[in-house]
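Observations on chain architecture
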Amino acid sequence: MLGGCVIYSSDSGETTTVRAASATSVELEPRELESVHGVRFERDQAVVRVTSNGCTEKSDFRVEIVDGGAMAGEMTLFRSEPDHCRALIAEGVELSWTYAELGLERGAALVLANPLVVP
């Protein structure tokens with residue numbers, strides 16, 4: 001079995017993990033996925049709307065990308081730092097990651113694995 005992991009860390013504190021997909025099933029610790037209010041993939045960036053209490057920042061999240069090979073890759077967002085502020089922004093905030101930050105080529109096919117919250 002051949003496997004690998006690449007971790008890319010930017011200067012602004014975000015960490016992106018890229019894992020190659022494999023045919024072998026792997027047991028992972030259960031982790032709660034961040035629910036999102038919306039997502040859009042533009043030419044060279046992923047834009048995700050998340051819940052915010054007023055202090056949510058991009059650096060509060062860890063992003064994992066699983067290479068889909070010939071199919072779309074999978075992006076998963078994990079909140080690593082809770083937002084303890086009390087402003088509660090009903091529409092949430094938009095955070096964006098460029099494909100370069102995610103280690104992807106411009107225009108790469110990508111899907112988001114996080115659950116979508118419908119108002």
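Let me begin by describing the structure that accompanies this report. Please read all numbers here as calculations on a predicted model, not as lab measurements.

Right, let's talk about the pattern of salt bridges for a bit. Opposite charge on two side chains lets them pair, provided their charged atoms get close. Overall, the coordinates contain 6 salt bridges when judged by the stated rule. Residue Arg 40 pairs with Glu 94 through a salt bridge whose shortest N-O separation is 2.7 Å. Of the two residues, Arg 40 is situated in strand 3 (residues 36-42) and Glu 94 in strand 7 (residues 89-98); the sequence distance between them amounts to 54 residues. Judged by its relative accessible area of 39%, Glu 94 falls in the partly exposed class. Residues participating in the shared-partner salt-bridge network are Arg 40, Glu 42, Arg 49 and Glu 94.

Now for the state of the cysteines. What the rule picks out here adds up to 1 disulfide. Linked covalently through their sulfurs, Cys 55 and Cys 85 form a disulfide whose S-S length is 1.6 Å. For the disulfide bridge between Cys 55 and Cys 85, the dihedral angle about the S-S bond is near -80°, and by the sign convention the bridge is left-handed. On the criterion of sequence distance, the pair formed by Cys 55 in the loop between strand 4 (45-52) and strand 5 (61-67) and Cys 85 in the loop between strand 6 (73-79) and strand 7 is long-range, its members being 30 residues apart. A relative accessible area of 34% means that Cys 55 is categorised as partly exposed. Residue classification places Cys 85 among the partly exposed positions, given a relative accessible area of 28%.

Two elements, strand 3 and strand 4, share 6 bridges in a ladder whose sense is antiparallel. Looking across to strand 4, one finds that Glu 42 is bridged to Gln 45. Following strand 3, the chain reverses through 2 residues before pairing antiparallel with strand 4. Sheet analysis places strand 4 next to strand 7, joined by 7 bridges and oriented antiparallel. Looking at strand 7, one finds that Val 48 is bridged to Leu 95.

Calculation criteria
- Residues numbered from 1 in each chain as written.
- Predicted model: local features only at pLDDT ≥ 70, side-chain atom pairs only at ≥ 80, totals over all residues.
- Heavy atoms only, no water.
- Salt bridge = Lys/Arg side-chain N within 4 Å of Asp/Glu carboxyl O.
- Helix = DSSP H or I, 4+ residues; strand = E, 2+ residues; numbered from the N terminus.
- Buried < 20%, exposed > 50% of the residue type's maximum accessible area, 1.4 Å probe, protein only.
- Disulfide = S-S within 2.5 Å.
- Pairing = 2+ DSSP bridges.

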